[in-house]
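Working through the structure, step by step
Listed here are the chains, written in short residue letters.
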Amino acid sequence: IQFVGNSFVGTEQLKLQLASSKAFLGRLGGTYVPQQIDLDISKLQDYYRMLGFHAVKINRQLEFYENYTYVKVTFHINEGPRYQVGRVQIEGNKSF
């Protein structure tokens, strides 16, 4: 598993967000499950959004080797701008 385009979050921190990394990195090999990779994209997007990157775009690239016995997964990340709250203003009720 590798990442391309990430600059705000390091590779090791991103790997911690993936369920796939436990299967791929926890032991030599692992089973490739396409649905898990799609779930990992959602988890990565949620993580980036929690950090303020609401326009993040993440795609995956698969490279199969040796008659489809090995797969290399690359996540391409476009972090986009980081949004921050500048000011909070509450209007309306004066008491709860």
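Figured I'd write up the structure that's included with this text. (Residues numbered from 1 in each chain as written. Predicted model: local features only at pLDDT ≥ 70, side-chain atom pairs only at ≥ 80, totals over all residues. Heavy atoms only, no water.)

Some points on the overall build of the chain
What counts, and what does not: Elements are defined by DSSP. Helices are runs of H or I of four residues or more, strands are runs of E of two residues or more, and each kind is numbered from the N terminus. Buried, partly exposed and exposed residues are distinguished by accessible area as a fraction of the type maximum, computed with a 1.4 Å probe on protein chains only: under 20%, between the cut-offs, and over 50%, respectively. The contact definition used throughout considers only heavy atoms, calling two residues in contact when any of these lie within 4.5 Å.
Per the secondary structure count, the chain includes 3 helices and 3 strands. Burial status across the chain gives 27% buried among its 96 residues. Of the contacts made within the chain by residues no fewer than 6 positions apart, 49% connect residues no fewer than 24 positions apart.

Overview of the pattern of salt bridges
Condition: The salt bridge definition used is simple: a Lys or Arg side-chain nitrogen within 4 Å of an Asp or Glu carboxyl oxygen.
Inspection of the entire model under this criterion finds 3 salt bridges. The partner of arginine 60 in a salt bridge is aspartate 38, with the nearest N and O atoms 3.6 Å apart. Linking arginine 60 in strand 2 (residues 57-65) with aspartate 38 in helix 3 (residues 34-50), this pair joins segments that are 22 residues apart in sequence. Note that lysine 72 is salt-bridged to glutamate 63, the shortest N-O span being 3.8 Å. Assessed through its relative accessible area of 30%, lysine 72 is described here as partly exposed.

Things to note about the environment of leucine 16
Its place among the elements puts leucine 16 in helix 1 (residues 11-16). Residue classification places leucine 16 among the exposed positions, given a relative accessible area of 59%. Measuring from C-alpha to C-alpha, the distance between leucine 16 and leucine 44 comes to 9.9 Å, with 28 residues separating the pair along the chain.

Observations concerning the pairing of strand 2
Note the following rule: Here, a strand pair is defined by DSSP locating no fewer than two bridges between the strands.
Where strand 2 lies against strand 3 (residues 70-78), 9 bridges are found, and the strand directions are antiparallel. When the bridges of strand 3 are listed, arginine 60 appears paired with phenylalanine 75. If you look at the hairpin formed by strand 2 and strand 3, you'll find 4 residues sitting between the two strands, and glutamate 66 has a positive phi there, around 45°.

Some words on unusual backbone geometry
Look at glutamate 66: it is not a glycine, yet its phi comes out positive at around 45°. For glutamate 66, the position within the fold is in the loop between strand 2 and strand 3.

What about the packing of aromatic side chains?
Definition in use: Only rings of Phe, Tyr and Trp enter the pairing, Trp through its six-membered ring, and a pair is recorded when the two centres are within 6.5 Å. The plane angle decides the type: under 30 degrees is stacked, over 60 is edge-to-face, the rest tilted.
Within the structure shown, the criterion is met by 5 aromatic pairs. Geometrically, the ring pair formed by phenylalanine 8 and phenylalanine 53 is tilted, given 5.0 Å between the ring centres and 55° between the ring planes. Of the two residues, phenylalanine 8 is situated in the loop between strand 1 (2-4) and helix 1 and phenylalanine 53 in the loop between helix 3 and strand 2; the sequence distance between them amounts to 45 residues. A relative accessible area of 43% means that phenylalanine 8 is categorised as partly exposed. Ring centres of tyrosine 47 and tyrosine 48 lie 6.5 Å apart, and the angle between their planes is 80°; on these two criteria the pair is classed as edge-to-face. Of the two residues, tyrosine 47 and tyrosine 48, both sit in the buried class. Taken together through their ring pairs, the aromatic side chains of Phe8, Tyr47, Tyr48 and Phe53 make up a single cluster.

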